[in-house]
Structures are given as C-alpha cells and as structure tokens.
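# Coordinate inspection notes
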Amino acid sequence: MCNKTKCDKSAFQKSRRKVLKGIAAGVGALALPASNASASVWEAFFQKHFRELDKTELQQVLARLESEYSKEFGKTVNVKATPPIEGVKYGYGLDLSRCIGCRRCVYACVEENNQSRDPQIHWIKVLQLDKEKGVYLDHAEHYYNPAEVPEQGKFYMPIQCQQCENPPCTKVCPVQATWPENDGIVVVDYNWCIGCRYCMAACPYGARHFNWAKSKLPKDEMNPETHYLGNRPRPTGVVEKCTFCVQRTREQPGRYPACEEVCPVGARKFGNLNDPKSEIRYLIENKRVFIFKEDLNTQPKFYYFYAT
Amino acid sequence: MKTHLRRTITFAICVLALCANVVSAAKVEKFFDRAGNLIVQEKVEKYKRRADEGETYPVPPPPFSEDIFPCSECHAEMEPNPERRELVDMHDDIILDHAEGQRWCLDCHNLNDRDTLRLVSGEVIPFTESYRLCGQCHGDKFRDWKVGIHGKRTGYWNGEKQYLLCAHCHNPHSPRFKPLKPMPPPVRPENLNRQGALEETGHQ
C-alpha cells in the first residue's frame, strides 16, 4: 500500500540517485586522461591568456611546452617568448620588378616555421600575373608549374600576412586570441584560439591558415628554435599565420626572416620602419611603392615596390 | 727703386689675396644649434673625393671558376698582348654576351697584372671591389646596391650585413639572370586530404 506522496518521494530519490551516479561517471570519464597522461593536459586546459601570464606563469608554460615538444620530436626544443624590441616597427618590402616566382621563399618558410607538411600549409602564396593586365587578381594563377621561371609576359607577386596596422582579423576574434604586438607583428596565441575561423573570413589577403588535421611534421625536419607566438608546433583546430619570423627577427642582433634570406634574386627587403637609415625606409622614400588592397584601409606594413 | 716697386706690388697682391680669402670665408654658410652657438663645420673629407671611392663593403670571396685564380700563375710568364682578338687556346669557353660589340677582355681586366681589374680612370682594383667596375656603367644599380635595395644582403637587419658582389648573381661575361626551376606548386584544396593523408595525384 503506497500513498501518493511516498511514491513520488521514492521516485524522486531514485532519479536523484541516477543523476548522482551519472555525475560520478562523468567526472570519472573526465578524469580518465589524467590517469595515463601527465598533468600537463590540465595545465594546458587552465592556462591563462598569453598576455595575462605573469613572469613565473609564463616560464612554467614555456617549460611545459618545451618538455612536451622535446618528447614528441625526440630532440631539445626551445620555446622562447621574446618580447618586442623597444622602438622597433617592422616593415617588409618586396620588389615586384625582381621576383621571378621560383617559390624558394614558400618552402624556406615551411621549414623555418614548422608548418604542417600534410595536410599542406603554406604561409606564402605566389601569384603569377600578366604583365599586360597588372595586378588584376581575376587573372592570377598560383598553381603555375613551368620548367623554368620567369615566363614570358608574366610577373610574380608573393602574398603573405601584410601585418596590417589596422588589422580586420584581430577585431573579429571573439576571444582575443590574436592581436598586433608593439613591433607591428600580428600574432596568435594557439592555446587560446578556439578555431572559429572568423579571422580567416575577415582577412582580405587570405593570409591565415587553419590546422584541419594533426600536422605531419617529420622529426628531423622540425626546427627546434621556436617562439610561443611564432613557429612552435601548432595543435589541431587553430589558425596560424606569418609572423615575420618572430623567433628570428626579435633576436639581438636580429636575423632576417627566412623568406628574405633565401630569395635568390634579392627581391625581399626587411627592416625597422622607425629607423630612417634602414633599407625599408629608403625604398619607401625613393622607389615606386604599391600597397596591396590599399582601398580597404588595412594599412599594411608590407610594401610592394619597383626598384627599376 | 725698381726692386722697391716690385716689393710693393708683391705686398699688394698678398693683401688682396688675403682679403679675397676673408671674403670667401665669410660666404661659407654658418650653422647654429638651438641654443644659438655656432657649430664649427669640419671640412668633410667626402667633398674632396667621390663619395663611393675608398668605401669598401663586406663581401664574400669572388666566385672564381675552380683553380683559375690567381691568374698570374699562368700569366706571369706570358708576354702581355694588348691586341684585340678572339681567344682560341684558353678561355675560349667564355662567350661574351655583355655589349660584346663595344667591349673586350682588357676593358675590365688589367693588362699588366691579371690578378686585378682596371677602371676606366686607370685605377687598379682587386676582384673584391669589382662592384666599382660594374658601377662605372650601372650607376643606378650601384647606388641601389650600396643601400641594400638592389641585390641580396645577408646578416642582421639591425647589425652587421654582408653584401654579395654583382658577380655572385650575374656572370660578368653574360650578366642576364638565368631562369630557375620553380619549386612545386601548392596542393589544390580539392586534393588536400583533411584527414591527414596526401593523395598521390594531389602533388602534380
């Protein structure tokens, strides 16, 4: 004989038990990775935004990443977080009258910056354009593959992140995982990025790339000198982009970006826009300069120019 | 009396010359700093000589063909022949494709010492300064090269830089930049396997 209230109560008790059981199972499932994985999974999960890390926290994060990467790639991997150099604003020049479209820069960048070999990610895209038509993107071709370059009547225009002074990509990020640094480089915190790809849609230059799958990066080809905001190995599902080789250019003295160093025709120029004696300033002041999609007011710090 | 007159004239000339000096000195522009102090302008050497002379640039060793330098190894014992001719026994592999109608070997190579080059002015320069030789005609490229715009510079963007000689990229006897084989084109998006495996056909 069961009166109504009693029945109801027992039913409630039953369901409560179920719920508690469910929660217990859920917590158990969540805890599973911790049993075989190291605590670093949890540390990564609760890691703060890069710009909110204090000095000791940053050191802990870098140490954790270093040990993770060293284990994964079987060699000592350094992860730096070198801050911008005071008073420096980086600028890049590319001589359209010299570039022959050989794509040496594309692959030097891949090697330096640990891009995924498969699925393939290239931070630099080289367009082949008709000399007669000029920079007219409807006629651009970037899968060209002749026996020799340059081809008759063609010119070449490599495109990479333009490091805009007024970047549309950083404004659309819902979690502020990407921002322009004081030296003008637009960077991504790969640990904060949620992979929504709004920034890719916002970028008018197609300069941002998404890690669709676990990157295949051969151990012997992995560059162990990395920067937190630059060329460290990227997790799946985050966006990456050119950083003017932040791991090289922020050194003292600063090396040139890998693409600049490899160019066989010397079409690529790099320097400090705040230094009136730099080659980048010289070319802006003395050569014909072309700014890509200038009408969008993105204010790139990437200057195409004609030396002749 | 005559000597006296001559002496007076000489004195007058000296005085005049001095005055002229003073006048010309007064014409020199004076520079003041913000506090109003006169800035003494030192006579800058570079106005006396051409700006590019005497300046040297850090370059790697010139790109000689194997075992060809020093030239004097062979040429020291040979009688120099300044006659314009086609070479047959040696150096016949060099085909001049560089305004060949107006030029031949000894317009750049030094007749009397083959280990050096010779400018139009007669100045003898080492191969490591060959940019000065090229700059005689290609002044615009030379100017750009000096500031790092023409050609490639390596080193550090805010530190030591190393230049390349013109001859590192341009064969001086046939200077047009030679075409290169391009590196492979990117994989087309439709062939990009987002699960991770690269399709064989995708790369061609």
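Residues numbered from 1 in each chain as written. Chains lettered and ligands numbered in written order. Predicted model: local features only at pLDDT ≥ 70, side-chain atom pairs only at ≥ 80, totals over all residues.

## Focus: the overall build of chain A
A count of helical and extended segments in chain A gives 9 helices and 12 strands. Whereas a compact globule of 308 residues would reach a radius of gyration of roughly 19 Å, chain A reaches 25 Å, over 25% beyond that. Across its three principal axes, chain A shows a C-alpha extent of roughly 100 × 40 × 35 Å. Burial analysis of chain A (308 residues in total) assigns 39% to the buried set. For chain A, long-range pairs separated by at least 24 residues make up 64% of all intrachain contacts whose partners lie at least 6 apart in sequence. (Helix = DSSP H or I, 4+ residues; strand = E, 2+ residues; numbered from the N terminus. Rg over C-alpha atoms; globule rule 2.2 N^0.38 Å. Buried ≥ 20, exposed ≤ 12 C-beta atoms within 10 Å, placed from the backbone. Contact = placed C-beta atoms within 7 Å.)

## A closer look at helix H9 (residues 279-286) of chain A
Listed as buried for H9(A) are Glu279(A), Ile280(A) and Leu283(A). What you see down the axis of H9(A) is that its buried residues fit within an arc of 105°, all on one side. (Arc of directions from axis to C-beta.)

## Side note on the interface of chain A and chain B
Across the boundary between the two partners, chain A contributes 41 residues, which contact 28 residues of chain B. Listing elements by their share of the side of chain A that touches chain B, those giving two or more residues are helix H4 (104-112), strand S10 (268-272) and H9 of chain A. Of the residues contributing to the side of chain A that touches chain B, the split by class is 21 nonpolar, 10 polar and 10 charged. (Nonpolar A, V, L, I, M, F, W, Y, C, P; charged D, E, K, R; others polar.)

## Here we look at unusual backbone geometry
All names here are of chain A. Cis geometry is found at the peptide bond from Asp 118 to Pro 119, where omega equals 0°. Relative to the helices and strands, Pro 119 is located in the loop between H4 and strand S3 (125-130). Looking along the chain, the bond that leaves Gln 252 and enters Pro 253 is cis, with omega of -5°. For Pro 253, the position within the fold is in the loop between helix H7 (246-249) and helix H8 (258-262). If you check the backbone angles, Gln 176 has positive phi at about 55° while not being a glycine. Mapped onto the elements, Gln 176 comes out in the loop between helix H5 (168-172) and strand S5 (178-180). Judged by C-beta crowding, with 12 C-beta atoms within 10 Å, Gln 176 ranks as exposed. A positive phi angle, close to 55°, is found at Asn 297, a residue other than glycine. Assignment of secondary structure puts Asn 297 in the loop between strand S11 (288-290) and strand S12 (302-306). For Asn 297, a count of 10 C-beta atoms within 10 Å corresponds to the exposed category.

## Examining the nonpolar core
Counting 62 residues, the largest nonpolar core has Cys109(A), Val188(A) and Phe244(A) as the members making the most contacts within it. No other element matches H4(A), which puts 5 residues into this core. Discounting residues that sit within four places of it in the chain, Cys109(A) has contacts with Trp123(A), Ile124(A), Ala258(A) and Cys259(A). Within the second largest apolar cluster, 7 residues are counted, among which are Leu117(B), Leu133(B), Cys134(B) and Trp145(B). (Core = buried A, V, L, I, M, F, W, Y, C linked by C-beta atoms within 7 Å.)

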